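Spelled out, the chains give:
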Amino acid sequence: MILPLAAALVTIPNLSLVYRSASPNIILEVCGFGAGWGVAQVFFGVAVDMIGVALAFSIVLGTSAAVGSLIPMVSLHRESLNSTAGYSVLGSIALILLGVMLCATAGRMRETPSVQSASPQKRTSRGLLLAFLCGLFASFMNFGVAFGTPLIEVARSLGASELNAINTVWLPLLLAGAVPNVMYCAWLMKRNRSGSKFREGYSHWALAAVMAVLWFGSTLLYGLATSQLGTWGPVLGWPLFMSLIVITATVLGMFTGEWKDGGALPIRIQWTGVTVLVFVIFVLAGSTRYLR
């Protein structure tokens, strides 16, 4: 809520005039995408608690990468589907799904086979479903970038630079995304009577602030990158962005001991999935040569 507002105020001239000049429909559309993305974050938190960081990240970001890239391509570049660039993107999406499937398989195999009760199995199944739904809704962030072009054009016409104009999208998108998160957290605090815990250990506030700055910094960089590729930015940049996060999450999961009792075979399958995602990065990078 704070960082998107600060970025917009600093980088967008005539900010209030931009939103007054833009069509209310496009602002509502961006807010709708933001709200969907916010719901995805609630699902993500619950899914991570059920199935762990590495597996949840693999499913969520892999699904988000595929859906978030395919929909803008079909909508904005339908004529390029039957071209080298189109084939490269579609092939990359297929490889991402393969990589995610391998990571999901490794995650299921990682579950301790000696556990006999149905409760952990049911919990894992619910976590996988939530992770998949989260991936679908998480792609709404990229839809806001892809279909928020009219808002970006208004900002540019009123003095915003080519690079920074996208910050007009982040503000309504992320503010709307905060609403489901705040509502869910408020409900949890009321149900569990846990609001007082925010006064315990102020170092957690500092860590959360650092996490917020790093996350929003990466979001700003993604926006700058997509602006360099024009309308192809959300199509090529989003799956690349998501693949790198899956790779990083897997490495962190290994280092934090998430896989220490998983056995050799699941770990090999997980790294195979990661290798596929690394290959996708090179395919996407090569496809930029065929853009028109």
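Rules and cut-offs
- Residues numbered from 1 in each chain as written.
- Predicted model: local features only at pLDDT ≥ 70, side-chain atom pairs only at ≥ 80, totals over all residues.
- Heavy atoms only, no water.
- Helix = DSSP H or I, 4+ residues; strand = E, 2+ residues; numbered from the N terminus.
- Rg over C-alpha atoms; globule rule 2.2 N^0.38 Å.
- Buried < 20%, exposed > 50% of the residue type's maximum accessible area, 1.4 Å probe, protein only.
- Areas by Shrake-Rupley, 256 points an atom, 1.4 Å probe, with all protein chains shown as cover.
- Lys, Arg positive; Asp, Glu negative; His and termini not counted.
- Charge placed at Lys NZ, Arg CZ, Asp CG, Glu CD.
- Axes fitted to C-alpha atoms, helices over the stretch in contact; angles between N-to-C directions.
- Parallel < 35°, antiparallel > 145°, perpendicular 65-115°, else oblique.
- Left-handed = near helix turned anticlockwise from the far one by under 90°.
- Contact = heavy atoms within 4.5 Å.
- 1 Å grid on protein atoms, 1.4 Å probe; cavity = no way out; pocket = protein on both sides within 12 Å on 5 of 7 lines; lining within 4 Å.
- Points joined across faces, edges and corners; volume = space filled by probe spheres on them.
- Nonpolar A, V, L, I, M, F, W, Y, C, P; charged D, E, K, R; others polar.
- pLDDT = per-residue confidence, 0-100.
- Arc of directions from axis to C-beta.
- Phe/Tyr/Trp six-rings, centres within 6.5 Å; stacked < 30°, edge-to-face > 60°.

1. Considering the overall build of the protein
Link 1 in the chain: Across its full length, the protein holds twelve helices and zero strands.
Link 2 in the chain: Scanning the protein from its N terminus toward the C terminus, one meets helices and strands in the order α-α-α-α-α-α-α-α-α-α-α-α.
Link 3 in the chain: In terms of overall size, the protein behaves like a compact globule, its C-alpha atoms giving a radius of gyration of 20 Å where 292 residues would be expected to give roughly 19 Å.
Link 4 in the chain: Burial statistics for the protein: of 292 residues in total, 43% are counted as buried.
Link 5 in the chain: Carbon and sulfur atoms form 69% of the exposed surface of the protein, whose accessible area is close to 14800 Å².
Link 6 in the chain: Computed over 17 positive and 9 negative side-chain charges, the inter-centroid distance for the protein is 7 Å.

2. Some details on the packing of helix α3 (residues 24-51) against helix α9 (residues 167-192)
Link 1 in the chain: Interaxial distance between α3 and α9 falls to 7 Å at its minimum, and their mutual angle equals 40°. By the angle class used here, α3 and α9 are oblique. Once α3 is placed against α9, the crossing between them reads as right-handed. Of the residues in α9, those in contact with Val30, Cys31, Gly34, Ala35, Trp37, Gly38, Val39, Gln41, Val42 and Val46 of α3 are Val169, Pro172, Leu173, Leu174, Ala176, Gly177, Pro180, Asn181 and Tyr184.

3. Quick notes on the layout of surface pockets
Link 1 in the chain: Of the volumes computed, that of the largest pocket is approximately 2300 Å³.
Link 2 in the chain: Lining the largest pocket are 49 residues, with Asn181, Ala208, Met211, Ala212 and Trp215 positioned closest to its centre.
Link 3 in the chain: Only α1 (2-11), α3, α4 (53-76), α6 (118-138), α9, α10 (203-228) and α11 (233-255) provide two or more residues apiece to the lining of the largest pocket.
Link 4 in the chain: Of the residues forming the lining of the largest pocket, the biggest block, eleven residues, is contributed by α10.
Link 5 in the chain: Grouping the constituent residues of the lining of the largest pocket by class yields 37 nonpolar, ten polar and two charged.

4. With respect to unusual backbone geometry
Link 1 in the chain: Despite not being glycine, Asn14 shows a phi value in the positive range, around 55°.
Link 2 in the chain: Along the chain, Asn14 falls in the loop between α1 and α2 (15-21).
Link 3 in the chain: Phi is positive for Arg193, close to 50°, though the residue is something other than glycine.
Link 4 in the chain: The topology assignment puts Arg193 in the loop between α9 and α10.
Link 5 in the chain: Assessed through its relative accessible area of 77%, Arg193 is described here as exposed.

5. Section: the confidence of the model for the protein
Link 1 in the chain: Put simply, the protein has an average pLDDT of 86, and 94% of its residues get 70 or more.
Link 2 in the chain: Across residues 114-118, where pLDDT falls below 50, the model places two contacts with residues more than four positions away in sequence or in other chains.

6. Focus on α1
Link 1 in the chain: Here α1 has its buried residues at Pro4, Ala7 and Ala8. Considered in projection along α1, the buried side chains sweep an arc of 95° and stay on one side of the axis. Facing away from the buried side of α1 by more than 90 degrees, the exposed set consists of Ile2, Leu9 and Val10.
Link 2 in the chain: Buried positions along α1 lie against α2, α9 and α10.

7. Side note on the packing of α3 against helix α7 (residues 140-147)
Link 1 in the chain: One way to put it is that α3 packs onto α7 with a least axis distance of 7 Å and a crossing angle of 160°. Judged on the interaxial angle alone, α7 and α3 are roughly antiparallel. Remark: the crossing between α3 and α7 carries left-handed chirality. Only Phe140, Met141, Phe143, Gly144 and Phe147 of α7 make contact with α3, whose side of the interface consists of Ile26, Glu29, Val30, Gly32, Phe33, Gly36 and Trp37.
Link 2 in the chain: Its residues assigned to classes, the contact of α3 with α7 comprises eight nonpolar, three polar and one charged.

8. With respect to the packing of aromatic side chains
Link 1 in the chain: Tallied over the full model, the rule gives 13 aromatic pairs.
Link 2 in the chain: Where Phe198 meets Trp205, the ring centres are 5.8 Å apart and the plane angle is 55°; that geometry is what we call tilted.
Link 3 in the chain: Of the residues examined, Phe198 reaches a relative accessible area of 44% and is grouped as partly exposed.
Link 4 in the chain: An aromatic cluster of at least three residues, connected via ring pairs, comprises Phe33, Phe43, Phe137, Phe140, Phe143 and Phe147.

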